[in-house]
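Now for the letters of each chain:
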Amino acid sequence: MLNISFYQKSHDSKAAIAFICFENLLLSEEAQAFDQAHGGFLKRALDNNRFKGKKNETLMLTPPSDARSSRIVLLGLGKAEHLTIETLQHAGGTLVTALRPTPDTAVEIHAGSLAANRHKASDVAAHMAFGAQLRHWRFDKYRTTEEADKKPALQSLAVLLPEADLAHKTYEPLEQVAHGVCLARSLISEPPNVLYPASYAERLQELKSLGVKVEILGQEDLEKLGMNALLGVAQGSIREAKVVVLQWMNGPKDQKPLAFVGKGVTFDTGGISLKPSSGMGDMKYDMGGSAIVAGLIRALAGRKAKVNAVGVLGLVENMPSGSAQRPGDVVKSMSGQTIEIIDTDAEGRLVLADALWYAQDRFKPELMIDLATLTGAITFTFGNHYAGLFSNNDPLCAQLTKAGESVGECLWRLPLGEKYDREINSDIADVKNLGPRGKGGSITAAQFLLRFVNNVPWAHLDIAGVTWSEKGLPIADKGATGYGVQLLNQFVLEHYESKG
Ligand code: BES
Ligand code: MN
Ligand code: ZN
């Protein structure tokens, strides 16, 4: 993690200097002071460059010889009146990206008393730092021969502003959210030979140190509970299935918990309905939903949120073998409903059917939200920029959509209804695990889940398109994004936390 601090004045005269600029705008007060102290250096640089201060625009300069700093970066924020939390986070991330190729180990952002568009200076500072922290994270534990001068050098970032103390207070809980996002990203990035249900469950024990209750259910427990839909998916693998239950119960005693349920397929080969080999390695991130749940609980516990929240993670590996489930099989789910398996590659819904039923049956939650890399079809619909939202509850949808917008993790609702529900009726069992091929695949998958929520207010987030970024994002290195942790943290914070 980046070492983040907030000061009123510079502490490190050798650190790289970042000045913030709004679009078409002159230099900030500090930048002007610097300019005057160095003979109009910045003004000349601006005159000779195309830098306009647009969003995510940077200008890197070598300082004049009388300055001690290694580098000067001008960082664009776009139009002041359009400034959003997302823009600020992106600016922090963009700064980290700009410094990547340099040997600089420290940077100071001169933020002044930068308040704009209803944002207090302290919020501006905290969210830039948060964005930088998120962009700084990188999965490098398996790189053993990377040359030292190719590794990112940056270690610390300070934001300088008069309201440094307030900014620090604002940032503290955000750092815990960053820990949650980065936990999710590391779990998602782990290769599937390292992260499988048992090792994954073991890894989650580390949450105990924050006061999270961690329970691991194994084969026998799951059999006793009758989770045969989940167990059916796992039966082709030599890796035993696990269900991990995380409890963060720090809210009022009489508050029903919020339940978060995650698909945790540590590798999805498709099973007997085998996937094509090209790109199959991507299916290590098919446990993304469960990782987001773990990351959320990490964030809530880290910032000691006054809320009751439980996470239920269904962990399995979907493999083809002599013991694997067949297309044509019928399994009896924990709910009692029987399921005809049409395609063993539509396994996520089978895992979630039992995990959702278990969550509502045991915890009688206020609401349930599940996250899953459930369908390839959702990527046809939204590409990589929105997650699909499905729900039986309008107010819940509105709350989630708004929380997502405010943190830049957008959701878009798709319909559910009887006409789709009919399409998953089976000829020989209560329900089948596949609707008509190539038609509304994300919707019929969600419709299947709805049969296992027992009328609890519920939302399903299909995150198959947003969990992994091929190219990287302003606040995420390429690979696992952690999409969903911030959104759900914001949702809990706005609507379900007792304050004070
Ligand atoms: N894990 C996949 C969905 C997926 C695809 C996630 C691409 C991330 C990226 C899911 O289990 C799956 O295999 N879905 C099938 C459903 C099909 C059998 C109806 C799909 O989307 O092709
Ligand atoms: Mn699958
Ligand atoms: Zn899958």
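Keep in mind that what you see is a predicted model, and the values were worked out from it rather than measured. (Residues numbered from 1 in each chain as written. Chains lettered and ligands numbered in written order. Predicted model: local features only at pLDDT ≥ 70, side-chain atom pairs only at ≥ 80, totals over all residues. Heavy atoms only, no water.)

*Asks:* Whenever I open this one, the coordination of the manganese ion (ligand 2) confuses me. Can you help?
*Replies:* As a benchmark, a tetrahedral metal site with four donors has ideal angles of 109.5 degrees, while an octahedral site with six donors has ideal angles of 90 or 180 degrees. Asp268 (OD), Asp345 (O), Asp345 (OD) and Glu347 (OE) make up the full set of protein donors to the manganese ion (ligand 2), lying at 2.1 to 2.2 Å. Here the donor residues of the manganese ion (ligand 2) share one chain and are spaced in sequence as D-x76-D-x1-E. Here the manganese ion (ligand 2) and the zinc ion (ligand 3) are spaced 3.1 Å apart, with Asp268 acting as a shared donor. Of the two residues, Asp268 sits in strand β9 (residues 258-268) while Glu347 sits in the loop between β12 (338-340) and α10 (348-363), which places them 79 residues apart along the sequence. Each member of the pair Asp268 and Glu347 is classed as buried. (Donors = N, O, S within 2.8 Å, 3.2 Å for Na, K, Ca; no water. Helix = DSSP H or I, 4+ residues; strand = E, 2+ residues; numbered from the N terminus. Buried < 20%, exposed > 50% of the residue type's maximum accessible area, 1.4 Å probe, protein only.)

*Asks:* How do you make sense of the coordination of the zinc ion (ligand 3) when you look at a structure like this?
*Replies:* Taken together, Lys263 (NZ), Asp268 (OD), Asp286 (OD) and Glu347 (OE) make up the full set of protein donors to the zinc ion (ligand 3), lying 2.0 to 2.4 Å away. Linear spacing of the donor residues for the zinc ion (ligand 3) on their chain is K-x4-D-x17-D-x60-E.

*Asks:* Any chance you could explain the site of ligand 1 here in plain terms?
*Replies:* Near ligand 1 you find 15 residues, and of these Lys275, Asp286, Asp345, Glu347 and Gly376 are the closest. Between ligand 1 and the protein, one listed contact pairs an oxygen atom with a side-chain N or O atom of Lys263 at 3.2 Å. In this structure, an oxygen atom belonging to ligand 1 sits 2.7 Å away from a side-chain N or O atom of Asp345. Residue composition of the shell around ligand 1, by class: five nonpolar, three polar and seven charged. (Near = heavy atom within 4 Å. Polar contact = N/O pair within 3.5 Å; in protein donor to acceptor, adjacent residues only side chain to side chain. Nonpolar A, V, L, I, M, F, W, Y, C, P; charged D, E, K, R; others polar.)

*Asks:* Which parts of the structure should I look at to understand the pairing of strand β4 (residues 72-76)?
*Replies:* Residues in a regular strand project their side chains so that they alternate between the two faces of the sheet. Among the five residues that make up β4, five are buried, leaving the element largely enclosed by the rest of the structure. Residues of β4 alternate between two faces, with Ile72, Leu74 and Gly76 on one and Val73 and Leu75 on the opposite face, all of them buried. Inspection of the sheet shows strand β2 (residues 16-21) paired to β4 by five bridges, in the parallel sense. Note on β4: the bridge partner recorded for Ala18 is Val73. Where strand β3 (residues 58-61) and β4 come together, four bridges link them in antiparallel fashion. Each bridged residue has a counterpart across the sheet, and for Leu59 the counterpart in β4 is Leu74. (Pairing = 2+ DSSP bridges.)

*Asks:* What am I meant to see in the sheet that holds β4 here?
*Replies:* Two pairing modes exist for strands in a sheet, parallel and antiparallel, and in both the strands are linked by backbone hydrogen bonds. Spatially, the six strands line up as an open sheet ordered β1-β6-β5-β2-β4-β3, and their pairing is mixed. Two strands lie at the open edges of the sheet, namely β1 (3-7) and β3, each paired on one side alone. Pairwise comparison of adjacent strand axes, ignoring direction, gives a mean angle of 20° for this sheet. Strand contacts of helix α3 (residues 85-99): β2, β3, β4, β5 (106-110) and β6 (156-160), with the helix running at about 145° to β4, the strand carrying the most contacts. Running over the sheet, helix α4 (residues 121-136) touches β1, β2, β5 and β6 and is turned about 165° from β1. (Axes fitted to C-alpha atoms, helices over the stretch in contact; angles between N-to-C directions. Contact = heavy atoms within 4.5 Å.)

*Asks:* Just checking my understanding: could you explain the packing of aromatic side chains for this structure?
*Replies:* Each aromatic ring pair is summarised here by two numbers: the centre-to-centre distance and the angle between the ring planes. Tallied over the entire structure, the rule returns nine aromatic pairs. Arranged with centres 6.3 Å apart and planes meeting at 35°, the rings of Trp137 and Phe139 form a pair that is tilted. By relative accessible area, Trp137 is classed as buried at 15%. Of the aromatic side chains, those joined through ring pairs into one cluster are Trp137, Phe139 and Tyr142. (Phe/Tyr/Trp six-rings, centres within 6.5 Å; stacked < 30°, edge-to-face > 60°.)

*Asks:* Hey, could you run me through the environment of Ile20 in this one?
*Replies:* By the secondary structure assignment, Ile20 is in strand β2. Given a relative accessible area of 3%, Ile20 falls into the buried group. On a C-alpha basis, the gap between Ile20 and Leu114 in space is 8.9 Å, while along the polypeptide they are 94 residues apart.

*Asks:* Even after reading the chapter, I still don't get the nonpolar core, so can you show me in this structure?
*Replies:* Formed by 98 residues in total, the largest nonpolar core has its most connected members in Phe6, Leu157, Ile369, Leu400 and Leu461. The element that contributes the greatest number of residues to this core is helix α5 (residues 164-189), accounting for eleven residues. Looking at this core, you find at least three residues from each of domain 1 (3-161) and domain 2 (179-495). (Core = buried A, V, L, I, M, F, W, Y, C linked by side-chain atoms within 4.5 Å. Domains from an automatic or database assignment.)

*Asks:* I tried to follow the packing of α4 against α5 on my own but got confused; where do I start?
*Replies:* In a packed pair of helices, the relevant descriptors are the angle between the two axes and the axis-to-axis distance. Packing of α4 against α5 leaves a shortest axis separation of 9 Å and a crossing angle of 25°. Here α4 is positioned roughly parallel relative to α5, judged by the angle of their axes. Relative to α5, α4 is oriented so that their crossing is right-handed. Here Ser122, Asp123, Ala125, Ala126, His127, Ala129, Phe130, Gln133 and Leu134 of α4 come into contact with α5, specifically with Leu166, Ala167, Thr170, Tyr171, Leu174, Glu175, Val177, Ala178, Val181 and Arg185. Residues belonging to the contact of α4 with α5 are distributed by class as follows: twelve nonpolar, four polar and three charged. (Parallel < 35°, antiparallel > 145°, perpendicular 65-115°, else oblique. Left-handed = near helix turned anticlockwise from the far one by under 90°.)

*Asks:* In this structure, what is going on with α10? I would like to understand it.
*Replies:* One turn of an α-helix holds 3.6 residues; hence residues three or four places apart share an orientation. For α10, built from 16 residues, the straight-helix expectation of 22 Å at 1.5 Å per residue is met to within 8% by its first-to-last C-alpha distance of 22 Å. Counting buried positions over the 16 residues of α10 gives 14, a clear majority of the element. (Expected span 1.5 Å × (residues − 1).)

*Asks:* Where do I start with the state of the cysteines in this structure?
*Replies:* Chemically, a disulfide is nothing more than a covalent bond linking the sulfur atoms of two cysteines. Summed over the entire model, instances satisfying the criterion amount to zero disulfides. Here Cys397 is not cross-linked by a disulfide; its sulfur's nearest cysteine counterpart is in Cys410, at 15 Å. In this structure Cys410 comes out as buried when scored by relative accessible area, which is 19%. (Disulfide = S-S within 2.5 Å.)

*Asks:* I tried to follow the packing of α5 against helix α6 (residues 197-204) on my own but got confused; where do I start?
*Replies:* Across the interface, α5 lies against α6 with an axial gap of 12 Å and an inter-helix angle of 160°. The angle between the axes of α5 and α6 places the two elements in the roughly antiparallel class. Relative to α6, α5 is oriented so that their crossing is right-handed. In contact with Leu183, Ser186 and Leu187 of α5, α6 contributes Tyr200, Arg203 and Leu204. Considered class by class, the residues forming the contact of α5 with α6 number four nonpolar, one polar and one charged.

*Asks:* How do you make sense of the domain arrangement of the chain when you look at a structure like this?
*Replies:* Frequently, the measure chosen for interface size is the accessible area removed from exposure when the parts meet. By domain assignment, the chain separates into domain 1 (3-161) and domain 2 (179-495). Look at where the C-alpha atoms of domain 1 and domain 2 centre, and you get two points 38 Å apart. Facing the 17 residues of domain 1 at the interface are 17 residues of domain 2. Ranking the residues of domain 1 by area buried against domain 2 places Leu134, Arg135 and Trp137 at the top, with a combined share of 43%. Applying the counting criterion to the domain 1 and domain 2 interface returns two salt bridges. Note that Glu190 is salt-bridged to Lys141, the shortest N-O span being 2.4 Å. Scanning the region where domain 1 abuts domain 2 turns up six residue pairs in polar contact (both at pLDDT 80 or more). Per element, the largest residue contribution to the side of domain 1 that touches domain 2 is six residues, and it comes from α3. Broken down by class, the residue content of the side of domain 1 that touches domain 2 amounts to six nonpolar, six polar and five charged. (Buried area = accessible area lost by both parts, 1.4 Å probe. Salt bridge = Lys/Arg side-chain N within 4 Å of Asp/Glu carboxyl O.)

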